[in-house]
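Analysis of the macromolecular model
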Amino acid sequence: PFLLMVEEPEVFLHPSVLGIMRDSLEEIASTNQVLIATHSPSMVSPKHLPEAVLVRKERTQDGKARTCRLRGRAGPADEAGKRRIRELLQYQRSSKFLFADKVAVMEGPSDVVLFEAIVEKWARRSADSLGVAVIDSGSKAVSVECGELLRGLGLQVICVVDVDYLWDGAGALLESPSYSRWLPLFWKEAEAGDLVSTAKDGSKTIRRKAAAGRLIQERFKSEVGAFLADLRTQGVWVLPRGDIEYYVQLSRRSKGKYVEAAAEIRQGRRHVLDPDDIKPIITDGLRIEVGPSPDVT
């Protein structure tokens with residue numbers, strides 16, 4: 001066996017040829033050892049993402065620069081974890097998060113487009129120049145799991161989830177008696193407020209997240225405040241009043257217009273409701289400075 005080391009194999013290649021170069025190197029790697037250094041997400045295929053090693057430059061206390069190897073763990077050890085990372089990369093159709101300093105994992109494509117627009121408007125810089133990748137996990141059910149997997153690669157990651165995570169998912173992270181006492185009280189109040197739908201199999205869902213968010217603000221603000229703080233320490237930031245569409249004033253009928261809404265946010269023609277809910281996610285979660293007066297309605 002031999003060792004093949006290539007620095008930036010993507011240099012000077014036409015984009016359509018990058019895949020051919022990557023596949024060729026992977027074929028060689030099936031019987032020999034191949035090591036590449038790259039700045040191109042196209043050179044990292046989904047199946048080899050768990051083997052990627054991130055290298056960054058950081059400043060020491062004396063002001064000098066040094067190179068650091070970012071690998072919190074050796075990636076997910078189990079096959080299920082590796083498969084989830086591959087699925088995430090495949091879903092994104094890009095590994096842009098490998099080249100970012102910070103990653104925000106959102107629930108869906110509309111969340112990505114709208115949240116990125118808010119960040120760029122308030123920070124007055126593009127997400128790329130801020131070193132931020134805003135990515136879509138595909139669903140609420142896997143957002144937190146994806147965040148953990150990406151942290152395993154050495155990335156700084158936060159997960160931004162809708163308010164329904166509080167009653168559908170947070171129990172896995174909030175293993176406390178106070179949460180166990182609160183949850184049945186919440187469902188009782190939600191049913192009394194006609195917010196609950198019951199399926200034939202007996203399972204219950206909340207019909208309107210924004211209405212449930214108002215219920216929490218009115219009836220359980222102090223209790224839920226402690227839950228939100230606990231989740232933030234674990235890298236999970238909950239939108240306490242509903243979903244991202246609520247904050248940019250998109251109704252259920254107009255949710256498909258999120259691309260236009262994002263353009264209006266950047267242009268200052270659409271403002272954000274309750275910006276104090278969003279601002280800490282950017283300033284404390286992603287550690288990005290925003291302007292002194294972000295858009296307020």
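Reading guide: rules and limits
Residues numbered from 1 in each chain as written. Predicted model: local features only at pLDDT ≥ 70, side-chain atom pairs only at ≥ 80, totals over all residues. Heavy atoms only, no water. Helix = DSSP H or I, 4+ residues; strand = E, 2+ residues; numbered from the N terminus. Contact = heavy atoms within 4.5 Å. Areas by Shrake-Rupley, 256 points an atom, 1.4 Å probe, with all protein chains shown as cover. Phe/Tyr/Trp six-rings, centres within 6.5 Å; stacked < 30°, edge-to-face > 60°. Buried < 20%, exposed > 50% of the residue type's maximum accessible area, 1.4 Å probe, protein only. Salt bridge = Lys/Arg side-chain N within 4 Å of Asp/Glu carboxyl O. Expected span 1.5 Å × (residues − 1). Arc of directions from axis to C-beta.

1. So, the overall build of the protein chain
When helices and strands are tallied, the protein chain shows 11 helices and 10 strands. Taking the contacts inside the protein chain whose residues are at least 6 apart along the sequence as the reference set, 69% of them involve residues at least 24 apart. Surface exposure of the protein chain reaches about 16,100 Å², of which carbon and sulfur atoms provide 50%.

2. Looking at the packing of aromatic side chains
What the rule picks out here adds up to 8 aromatic pairs. With 5.6 Å between their ring centres and 65 degrees between their planes, W182 and F227 make a pair best called edge-to-face. Of the two residues, W182 sits in helix 6 (residues 177–192) while F227 sits in helix 8 (residues 221–233), which places them 45 residues apart along the sequence. Look at W182 and you get buried, because its relative accessible area is 2%. With a relative accessible area of 5%, F227 lands in the buried category.

3. Some words on the pattern of salt bridges
Per the stated rule, a full pass over the model turns up 11 salt bridges. Between R207 and D194 there is a salt bridge, and its shortest N-O distance comes to 3.2 Å. Of this pair, R207 sits in the loop between strand 9 (204–206) and helix 7 (209–219) while D194 is found in the loop between helix 6 and strand 8 (196–198), placing the two residues 13 residues apart along the sequence. When its relative accessible area of 33% is taken as the criterion, R207 is described as partly exposed. One network of salt bridges, with partners in common, ties together E116, E120 and R266.

4. Things to note about helix 6
Along an α-helix, residues three or four positions apart point the same way, because every turn accommodates 3.6 residues. Given a rise of 1.5 Å per residue, 16 residues ought to cover 22 Å, and the 24 Å separating the end C-alpha atoms of helix 6 matches this to within 8%. All of the buried residues along helix 6 are Y179, W182, F186, W187 and A190. Within helix 6, the buried residues cover an arc of 135 degrees as seen down the axis, which keeps them to one side. Among the exposed residues of helix 6, those pointing more than 90 degrees away from its buried face are P177, S180, R181, K188 and A192. Here the buried face of helix 6 lies against strand 8, strand 9, helix 7 and helix 8.

Fair warning: the whole summary comes from geometry, so function is off the table for now.
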